[in-house]
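Chain by chain, the residues:
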Amino acid sequence: MKRLSITVMAALLLVLPAVTEGKAQANSGPVTEDLVGTKALEMAETLIDSYGASGVQYAIRNAGKVVLSGGLGVNETGKEVPVTKDTMFGIGSVSKMYVTAATMMLVDAGKVDIDQPLLKYIPEFKMADERYKQITPRMLMNHSAGLYGSHYKNSMLFDDNDTVNHDSLLENLRSERLKSDPGEYSVYANDGFQLLEILVERVSSMSYSEFLAQGIRSPLELTSTYTPLDDFDRSRLSPVRFPGFEGELPSETVNVIGTGGIYSTAEELTLFSEVLTGEHPDLLSEASVSAMQQPEYRKGVWVSDESNIFGYGLGWDSVDLAPFDDYGIKALTKGGDTVMYHSALIALPEKDISIALLTSGGSSILNTAAATNILLAYLKEIGDIAKIQPDKTFKDTVKKDMPYSLKAYSGLYGSAGSTLKITVSDGKVDLPDMMDGLIPAQTYVYTGDHEFTGKDGITVISFNEEKNGHTYVRVKSYLDFPGIGQSVIAYYEWQKLSVNQLSSAVASTWKERNEKTYYAVDEKINSLFYLSPALLMKKITFDKQTGYANGTKITDNNHAINVIEIPVMNGRDVTDLTFFQKEDIEYLHADGRTYVSEAAVKKVYTGPSSVISIPDSGNARWFKIGEGAADRTMTGDLPQGGGFAVYDENGVPVNVSAATGSRTAVLPKNGLIVFGGRAGDVFQITLGSK
């Protein structure tokens with residue numbers, strides 16, 4: 001699920017010790033020459049040594065035959081572990097291709113028309129915005145429905161296939177608005193594919209897992225492709241680990257199956273890709289295959305650049321992936337990320353060739369770059385391309401005189417979750433880092449054609465006025481991954497906003513919340529999100545001068561609404577902020593979760609023993625670690641299904657009991673503890689001496 005591919009990558013990157021011992025590898029397929037196999041091994045080693053992967057698996061299929069298959073793996077000490085062709089990985093958002101194919105199979109059966117209202121197939125679907133009636137299945141598949149984005153709550157759990165996220169989606173959407181007119185533009189939205197999962201269930205009268213088993217797994221004779229609700233041997237999953245925690249973690253269960261919950265292998269993923277490229281017309285018609293490959297993204301507002309790694313079809317992340325377009329080759333791609341697993345699938349439909357590269361640890365953007373370079377090596381080997389083009393090089397930036405009119409683009413800008421002020425002056429624009437640091441903070445100078453270029457010449461920005469009336473900061477850059485390769489990316493980073501004047505009373509209320517943190521209370525304690533507490537905390541950033549907080553426009557004392565309408569990626573996963581009081585405690589409702597104010601978070605009791613109970617609401621309980629508890633060993637007598645997480649003052653997890661199985665932790669000064677379980681659960685806690 002793509003938000004976790006970029007914005008959480010830095011927080012969850014599994015940085016492993018330097019590898020000094022041999023890495024276990026599966027045998028590469030015999031059809032390819034050594035050069036391609038060597039290239040694949042080099043890429044896998046780089047992903048492990050430099051980018052935090054602990055297991056890598058890859059396969060190339062050509063005309064129905066696996067021509068390359070291999071894998072590498074290391075454990076937390078750097079010792080080798082086997083990664084065979086039968087080792088299974090979570091494939092994350094590549095799962096979207098399965099629910100898209102399932103929907104199109106129903107189209108082929110005459111049971112679904114993707115341009116009819118979604119209401120026809122899910123009558124109980126309703127939102128707090130009358131425009132929801134215009135949403136069609138096509139808009140869900142091409143990300144243009146206007147949905148806020150993603151309901152992640154309780155979606156990724158340790159060894160727990162709870163369906164609560166799936167079961168509550170329709171109810172959660174009832175209170176949400178749309179952020180744009182349906183069909184206006186495409187921006188990544190996970191919830192759309194959860195709705196497609198529900199559509200498949202309603203129309204087929206069977207569970208989604210059953211539909212996949214009957215419609216895809218059985219006909220293709222797959223033995224390694226399953227959902228969390230299927231019965232299969234979990235020991236086949238590639239092990240996952242987390243820095244600072246010993247041993248393997250329990251299995252990751254992604255319970256938003258249509259969005260990102262399928263497990264598979266590289267070989268079986270390339271076999272399924274043949275369905276998507278028309279090699280199995282008995283499963284998916286030529287008409288449906290063709291429809292999925294059309295450049296749907298061009299129907300609405302989009303960046304003008306032709307060469308890009310983004311370009312949505314139906315389900316696909318790109319239907320004209322760069323740099324294959326430079327070779328005159330049509331390439332389709334889908335990437336995927338969960339917290340622990342990452343995947344990339346690239347298919348060349350006109351050549352009946354595909355590659356899949358799966359990892360535990362890392363990021364799908366790295367997998368896609370690595371898979372691209374392996375596939376280019378293969379195409380050169382079989383004579384489909386004459387040579388591999390070198391990486392782009394860039395000239396030093398030469399500043400030119402800037403037209404005075406461009407100063408008008410100075411002002412307030414925002415993206416999902418944040419705002420900033422941009423000043424265009426003297427032919428220069430200073431901007432912070434972008435793409436979570438992949439594009440560094442730097443000064444951009446005017447270089448002509450209404451564009452500003454970074455000092456290294458790699459990244460170019462401009463201010464684009466679009467047909468929807470918004471002005472965007474457009475970014476084009478070549479992301480350089482040493483040892484892996486380059487990826488060209490073009491997208492809109494920020495949207496120009498109008499200053500929002502607040503009354504003194506409203507401003508005073510929000511000023512009291514500024515820099516205060518709110519903690520999620522309704523995430524199950526066995527959620528993988530506890531590995532990165534920033535995902536479960538919201539620090540309010542209020543700007544009185546602009547009238548915004550956390551990228552949302554303040555409307556009164558207790559509400560702020562989303563106004564971000566950015567195509568491609570940066571307008572995804574937006575939220576409104578709603579504050580409310582209960583028993584004199586302030587809570588925040590945002591992105592489907594409920595958060596409690598830090599004012600209600602008390603210091604943990606410092607006596608030798610204490611009792612902590614979960615209230616009737618079932619809410620998790622957060623505590624601060626004060627001076628008296630710091631450096632002492634806490635031991636918890638945990639009820640069944642209950643657990644805790646301990647963090648240091650920088651938010652680094654010291655222990656997450658659901659991940660480690662340990663009931664003890666040394667409490668760090670100024671850290672945090674959260675306890676979670678079922679309503680009425682009681683925790684017996686003891687604190688040892690310093």
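In what follows, the structure referred to is the one given above.
Computed from a predicted model, the values in this text were never measured in an experiment.

**Student:** Please explain the sheet that holds strand 27 (residues 585-590) as it appears in this structure.
**Tutor:** The pairing of strands in a sheet comes from backbone hydrogen bonds and takes either a parallel or an antiparallel form. Read from one edge of the open sheet, nine strands run 21-20-28-27-26-25-24-23-22, paired in antiparallel fashion. For this open sheet the edge positions go to strand 21 (537-539) and strand 22 (542-543), each flanked by a neighbour on one side alone. The pairing of strand 23 (residues 548-549) with strand 24 (residues 552-556) spans two bridges and is classified as antiparallel. Bridge assignment links Ala 549 to a residue of strand 24, and that residue is Thr 552. Along the sheet, helix 13 (residues 504-513) makes contact with strand 20 (517-520), strand 22, strand 23, strand 24, strand 25 (559-562), strand 26 (577-582) and strand 27, crossing strand 24 at roughly 125°.

**Student:** Just to check I follow, could you spell out the sheet that holds strand 18 (residues 471-481) for this structure?
**Tutor:** Reading across the sheet, the nine strands line up as 12-11-19-18-17-16-15-14-13 and stay open at both edges, with antiparallel pairing between neighbours. Looking at which strands have only one partner, the edges of the open sheet turn out to be strand 12 (418-422) and strand 13 (424-425). With four bridges joining them, strand 14 (residues 428-431) and strand 15 (residues 442-448) adopt antiparallel strand pairing. Each bridged residue has a counterpart across the sheet, and for Leu 431 the counterpart in strand 15 is Gln 442.

**Student:** Where do I start with the pattern of salt bridges in this structure?
**Tutor:** Any two side chains of opposite charge can pair, on the condition that their charged atoms come close. Applying the stated criterion to the full structure yields 26 salt bridges. For Glu 296, the salt bridge identified is with Lys 299, shortest N-O distance 3.1 Å. Residue Glu 296 is classed as buried on the basis of its relative accessible area of 3%. The partner of Arg 572 in a salt bridge is Asp 573, and the shortest N-O contact between them spans 2.8 Å. When its relative accessible area of 0% is taken as the criterion, Arg 572 is described as buried. Here the salt bridges do not stand alone but share partners, grouping Asp 115, Arg 138, Glu 296 and Lys 299 into one network.

**Student:** Please explain the packing of helix 6 (residues 164-173) against helix 7 (residues 191-204) as it appears in this structure.
**Tutor:** Between helix 6 and helix 7, the shortest axis-to-axis distance is 11 Å and the interhelical angle comes to 110°. Of the possible angle classes, the one that applies to helix 6 and helix 7 is roughly perpendicular. Touching Asn 165, His 166, Leu 169, Leu 170 and Leu 173 of helix 6 are Asp 191, Gln 194, Leu 195, Glu 197, Ile 198, Glu 201 and Arg 202, all from helix 7. When the residues that make up the contact of helix 6 with helix 7 are grouped by side-chain class, the tally is five nonpolar, three polar and four charged.

**Student:** Explain the packing of aromatic side chains to me, please; I cannot follow it from the model alone.
**Tutor:** The description of an aromatic ring pair uses the distance of the two centres, along with the angle that the planes make with each other. Applying the stated criterion to the full structure yields 24 aromatic pairs. Judged by centre distance (6.1 Å) and plane angle (70°), the ring pair of Tyr 152 and Phe 529 falls under edge-to-face. A residue pair is termed long-range when its members are at least 10 positions apart, and Tyr 152 in the loop between helix 5 (137-141) and strand 5 (156-158) and Phe 529 in the loop between strand 20 and strand 21 qualify at 377 residues. Phe 529 matches Tyr 152 in its accessibility class, with the two residues each being buried.

**Student:** Is there a simple way to think about the nonpolar core in this case?
**Tutor:** Note that soluble globular proteins tend to have their nonpolar side chains buried in a common cluster. In terms of nonpolar packing, the biggest core is built from 201 residues, with Phe 125, Ile 135, Phe 324, Ile 422, Phe 452 and Tyr 530 touching the most fellow members. Every residue in contact with Tyr 530, bar those within four places of it in the chain, is listed here: Glu 523, Lys 524, Ile 525, Leu 536, Ala 620, Trp 622, Ala 645, Tyr 647, Val 656 and Val 674. Judged by nonpolar contacts, the second largest core, of 16 residues, contains Ile 612, Ile 625, Val 646 and Phe 683.

Thresholds applied
Residues numbered from 1 in each chain as written. Predicted model: local features only at pLDDT ≥ 70, side-chain atom pairs only at ≥ 80, totals over all residues. Heavy atoms only, no water. Pairing = 2+ DSSP bridges. Helix = DSSP H or I, 4+ residues; strand = E, 2+ residues; numbered from the N terminus. Contact = heavy atoms within 4.5 Å. Axes fitted to C-alpha atoms, helices over the stretch in contact; angles between N-to-C directions. Salt bridge = Lys/Arg side-chain N within 4 Å of Asp/Glu carboxyl O. Buried < 20%, exposed > 50% of the residue type's maximum accessible area, 1.4 Å probe, protein only. Parallel < 35°, antiparallel > 145°, perpendicular 65-115°, else oblique. Nonpolar A, V, L, I, M, F, W, Y, C, P; charged D, E, K, R; others polar. Phe/Tyr/Trp six-rings, centres within 6.5 Å; stacked < 30°, edge-to-face > 60°. Core = buried A, V, L, I, M, F, W, Y, C linked by side-chain atoms within 4.5 Å.

Function-wise, these values are silent; they only describe arrangement.
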